[in-house]
Amino acid sequence: MYAKIEQANLDALRVIHYPDPRLGEISTPLERVDDRVRALLNRMFELMFTGRGVGLAAPQVGINVRLFVASPTFEEDDRQVFINPEILSVEGKQEGEEGCLSVPGVNCRITRGNVVTVRALDAYGEPFEVTAEEMPARIYQHETDHLDGRLLIDRVGTVARFAHRRTLKQLEAEFAAS
Ligand code: NI
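Please read these numbers as outputs of a predicted model, since none were measured by experiment. (Residues numbered from 1 in each chain as written. Predicted model: local features only at pLDDT ≥ 70, side-chain atom pairs only at ≥ 80, totals over all residues. Heavy atoms only, no water.)

A.B. asks: Give a detailed account of the nonpolar core, specifying residues and quantitative values.
C.D. replies: Nonpolar side chains in soluble globular proteins tend to end up buried together. The biggest cluster of nonpolar side chains holds 24 residues, and the ones touching the most others in it are Ile63 and Leu67. For this core, the secondary structure elements donating two or more residues are helix 1 (2–7), helix 2 (35–50), strand 2 (67–70) and strand 3 (80–91). Looking at this core element by element, the count peaks at eight residues for helix 2. Look past the residues within four positions of Ile63 in its chain and what remains in contact with it is Lys4, Ile5, Ala8, Leu13, Leu40 and Ala58. Residues Ile16, Tyr18, Cys100 and Ile153 belong to the second largest nonpolar core, which totals 14 residues. (Core = buried A, V, L, I, M, F, W, Y, C linked by side-chain atoms within 4.5 Å. Buried < 20%, exposed > 50% of the residue type's maximum accessible area, 1.4 Å probe, protein only. Helix = DSSP H or I, 4+ residues; strand = E, 2+ residues; numbered from the N terminus. Contact = heavy atoms within 4.5 Å.)

A.B. asks: Talk me through the coordination of the nickel ion; I want residue IDs and the actual numbers.
C.D. replies: Protein coordination at the nickel ion comes from Cys100 (SG), His142 (NE2) and His146 (NE2), with a distance range of 2.0 to 2.3 Å. Ordering the donors of the nickel ion by residue number gives the pattern C-x41-H-x3-H. With His142 and His146 both in helix 3 (residues 135–147) and four residues apart, the pair spans about one turn of that helix. Each member of the pair, His142 together with His146, is buried. (Donors = N, O, S within 2.8 Å, 3.2 Å for Na, K, Ca; no water.)

A.B. asks: Explain the pairing of strand 4 (residues 94–98) to me, using residue names and the numbers behind them.
C.D. replies: The two faces of the sheet receive side chains in turn, since in a regular strand these alternate between them. Going residue by residue along strand 4, you find Gln94, Gly96 and Glu98 tucked away on one face and Glu95 and Glu97 left uncovered on the opposite face. Sheet topology note: the strand 4/strand 5 (residues 108–112) ladder contains five bridges and is antiparallel. Bridge pairing links Glu98 to Cys108 in strand 5. (Pairing = 2+ DSSP bridges.)

A.B. asks: Explain helix 3 to me, using residue names and the numbers behind them.
C.D. replies: Its 13 residues place the ends of helix 3 19 Å apart at the C-alpha level, agreeing with the 18 Å of an ideal helix rising 1.5 Å per residue. Helix 3 sits mainly inside the fold: eleven of its 13 residues count as buried. Within helix 3 the residues assigned to the buried category are Ala137, Arg138, Ile139, Tyr140, Gln141, His142, Glu143, Thr144, Asp145, His146 and Leu147. Following helix 3 by one or two positions, Gly149 adopts a phi angle in the positive range, close to 75°. (Expected span 1.5 Å × (residues − 1).)

A.B. asks: I'd love a proper account of the packing of aromatic side chains, names of residues and values included.
C.D. replies: Enumeration over the complete set of coordinates arrives at six aromatic pairs. Judged by centre distance (6.2 Å) and plane angle (20°), the ring pair of Phe45 and Phe49 falls under stacked. With a gap of four residues between them, Phe45 and Phe49 both fall in helix 2, about one helical turn apart. By relative accessible area, which is 3% here, Phe45 ends up buried. Note on Phe49: relative accessible area 10%, which makes it buried. Three or more aromatic residues joined by ring pairs make a cluster, and in this case those are Phe68, Phe82, Phe128 and Tyr140. One Lys or Arg, Arg32, reaches over the ring of Tyr2 and ends 4.1 Å from the middle of that ring. (Phe/Tyr/Trp six-rings, centres within 6.5 Å; stacked < 30°, edge-to-face > 60°. Lys NZ or Arg CZ within 6 Å of the ring centre and 35° of its normal.)

Structure, rendered in structure tokens:
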């Protein structure tokens, strides 16, 4: 919803952490792309690069709209924007380590599709389609998960989750105290 972006104080946005309930919500498509949305995207890139992440979804800054930013190469000029993304196809499998700025201190081995085709709108509201494999494909799937309220710890089994119980408990305590 555009209104959520309009009302947000962009400078005050921060990356929110597990178990903030906003990370578990299904986000809403964005109906309008304008300067205000581009200002949000810039702020998200700032938070992503500062946090040393390669992707950041809007729910991670507490705004439940369907968009994410990414920089698979972590280069300042490799700025990718996906608004209302849809994964059109997934082929093959890859397994690899993933982290998330919203679950600091937790790295999980996750199986994802190896090649994905995504359709989305760019920062000017123009539709595009991209096919990616390996690392970028992993990022697009991870970020799309955020838009559906799913975190990396929801993608792993109870054993892997158990291995991170201390960190998760600590994050839960920090959230309860905030
Ligand atoms: Ni994440």
